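Structural characterization, general
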Amino acid sequence: MIPQKFVNDRLSGMRCEGDRCSALSGRIGIATSCTIYAARPEVCRTCMPGDAECAMARRRHGLPVLV
């Protein structure tokens, strides 16, 4: 269901542009949204605000961890 332009060359996950998902729209730290939200992969569906994966991504982008 994920549009082919967002799938990586190995067909094993989402294509990234630098350190962010190619389906992510907007400016990190300002406002972002997923352009394929309804068809997002399971790894995205299980990531919740404030969980370990969220904290890791926020640190990577210089944002404060949610508490």
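So, here's what we can say about the structure. (Residues numbered from 1 in each chain as written. Predicted model: local features only at pLDDT ≥ 70, side-chain atom pairs only at ≥ 80, totals over all residues. Heavy atoms only, no water.)

If you tally the helices and strands in the protein chain, you get 2 helices and 4 strands. In sequence order, the secondary structure elements of the protein chain are arranged as β-β-β-β-α-α. Principal-axis analysis of the C-alpha atoms places the extent of the protein chain at approximately 35 × 20 × 20 Å. Across the 67 residues in the protein chain, those meeting the buried criterion constitute 19%. By element, 58% of the accessible surface of the protein chain is carried by carbon and sulfur atoms, the whole surface being about 5,100 Å². Of the side-chain charges in the protein chain, 10 are positive and 6 negative, and the distance between the mean point of each set is 5 Å. (Helix = DSSP H or I, 4+ residues; strand = E, 2+ residues; numbered from the N terminus. Buried < 20%, exposed > 50% of the residue type's maximum accessible area, 1.4 Å probe, protein only. Areas by Shrake-Rupley, 256 points an atom, 1.4 Å probe, with all protein chains shown as cover. Lys, Arg positive; Asp, Glu negative; His and termini not counted. Charge placed at Lys NZ, Arg CZ, Asp CG, Glu CD.)

Here the focus is the pattern of salt bridges. Once the charged atoms of two side chains with opposite charge are near each other, the side chains can pair. Tallying each qualifying case throughout the model produces 1 salt bridge. Two residues, Asp 9 and Arg 15, come together in a salt bridge whose shortest N-O distance is 3.2 Å. Residue Asp 9 is classed as exposed on the basis of its relative accessible area, which comes to 68%. The class for Arg 15 is partly exposed, based on a relative accessible area of 27%. (Salt bridge = Lys/Arg side-chain N within 4 Å of Asp/Glu carboxyl O.)

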